Amino acid sequence: MSKQLLKGLMSQQGMDQKQVANALGVSITTISQYLAGKYQGRVEELDMKVEALIATYKAKVLEKKLNVTFVPTFAARKMMDLINEVHVEGDMGMIYGDAGLGKTQAVLQYARQNSAAVVIETDGSYSPKVLLQKLCGALKLDGRGTIDQLMDLIIGRLVGSSRVLLIDEAENLSTRSLEFLRRIHDKSGVGVVLVGMPQLLVNLRGRRGELKQLYSRVWRHCPLGNELSASDLALLTENTLGTKEFNTLFVKYSQGNARRLNKLIRGAVRLAHLNECPIDEDLIKEYTKLLIN
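About the thresholds
- Residues numbered from 1 in each chain as written.
- Predicted model: local features only at pLDDT ≥ 70, side-chain atom pairs only at ≥ 80, totals over all residues.
- Heavy atoms only, no water.
- Helix = DSSP H or I, 4+ residues; strand = E, 2+ residues; numbered from the N terminus.
- Polar contact = N/O pair within 3.5 Å; in protein donor to acceptor, adjacent residues only side chain to side chain.
- Salt bridge = Lys/Arg side-chain N within 4 Å of Asp/Glu carboxyl O.
- Buried < 20%, exposed > 50% of the residue type's maximum accessible area, 1.4 Å probe, protein only.
- Contact = heavy atoms within 4.5 Å.

Engineer: Kindly report on the side chain of serine 188, identifying the contributing residues and their values.
Structural biologist: Looking at where serine 188 falls in the secondary structure, it is placed in helix H9 (residues 175–188). From its side chain, serine 188 meets the backbone oxygen of isoleucine 184 in a polar contact 2.5 Å long.

Engineer: Which residues make up the pattern of salt bridges, and what are the values?
Structural biologist: For the coordinates displayed, the defined rule picks out 8 salt bridges. Between glutamate 45 and arginine 42 there is a salt bridge, and its shortest N-O distance comes to 3.5 Å. Residue glutamate 45 is classed as partly exposed on the basis of its relative accessible area of 41%. By relative accessible area, which is 64% here, arginine 42 ends up exposed. Here glutamate 286 ties to lysine 289 by a salt bridge, and the two come within 3.3 Å at their closest N and O atoms. On the basis of relative accessibility, which here comes to 42%, the residue glutamate 286 falls in the partly exposed class. Several salt bridges share partner residues, and in doing so they unite Glu85, Asp91 and Arg220 into one network.

Engineer: Residues and numbers for the environment of proline 223, please.
Structural biologist: Mapped onto the fold, proline 223 is located in strand E5 (residues 218–223). Judged by relative accessible area, which is 40%, proline 223 ranks as partly exposed. Residues proline 223 and aspartate 98 lie 125 residues apart in sequence; the distance between their C-alpha atoms is 9.6 Å. Those residues in contact with proline 223, other than ones at most four positions away along the chain, are Lys78 and Tyr96.

Pasting the structure below:
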C-alpha cells in the first residue's frame, strides 16, 4: 500500500528516486528495490518513513489552500500611511511595536506598490560599514571602498531620486549606524523610515542625548503598542480561512498577535485534517499547548 502511495506522490510532485532517497535518508538502491517490491530489508520501517513523507506533503498541500495574501488591517494602513507621508515629504519617521504585529509585512507591501522604496532588513551583526554596503547593493552600486566613499556613492545616487529608505528591525543598529542614516537623509533629502521593536525608541533618544540631532528629525511616528485590535485579528482570520465562522475562537486564543494567529490557524487546520474532525474550541486549545506564550 505504502509503495503505491509513494509512486503516486512521485508522480504528483515530479520527484525522482534520488530526491525520494534524500528525503527518506536511504540509498537510491533501497528506493529502487522498494518500488519494485524486491526490498529485503526492514520493510515495515521503510513503510513508516514513506507514510510520514506522504503526510508531510499532504500538510503542505493543505497549507497552500490557505490565503496568505496581504491584508490591509487598520494597523497596516496606519503604517503605510506614515511611510507614504515620509516618502512624499522627504522626512524621517518611525514605526515601533512588539513582535508579530505585521510591521515587516506592511513595509514589504509598501515596497511592492512603490518601486522607489528601498528596504533593508538589519540584524545584530550590522556594523556601520555593513549597513552602507547593504544600501549600496539595494541601490545597484559598487559596495567597495571606505565608509566615506560608500557614503558619497549612496548620497550621490539618492539626491533628486524621490526614494524612500525603509530600515526594518532598526533597533539592531548602533548609535553610529543611526547617525549615518541621519546624514544620508540630511544630505540627500530622501525619506527614511525606521521600523522596529519598542527598544528602537529608547535607542533613538540615546542615554546621554547623543542622538539629539537624529531624534529631532523624526517628526512622524506610529506606535503600535503590544497587540492588534480584535477587528484586525478577525480580518486576518477571515482572509486566511475564507470564512467568518471561526473569527471569535481564533481571536480569543491569538493573544493579540498576528504571528501567533498565523501559526494557530495553520496548526488547527492541520490538526483537524489529520484527525478528520471539525475545528472547534477544544481543538484550538489543544494546539495552543504546542505554542510558546
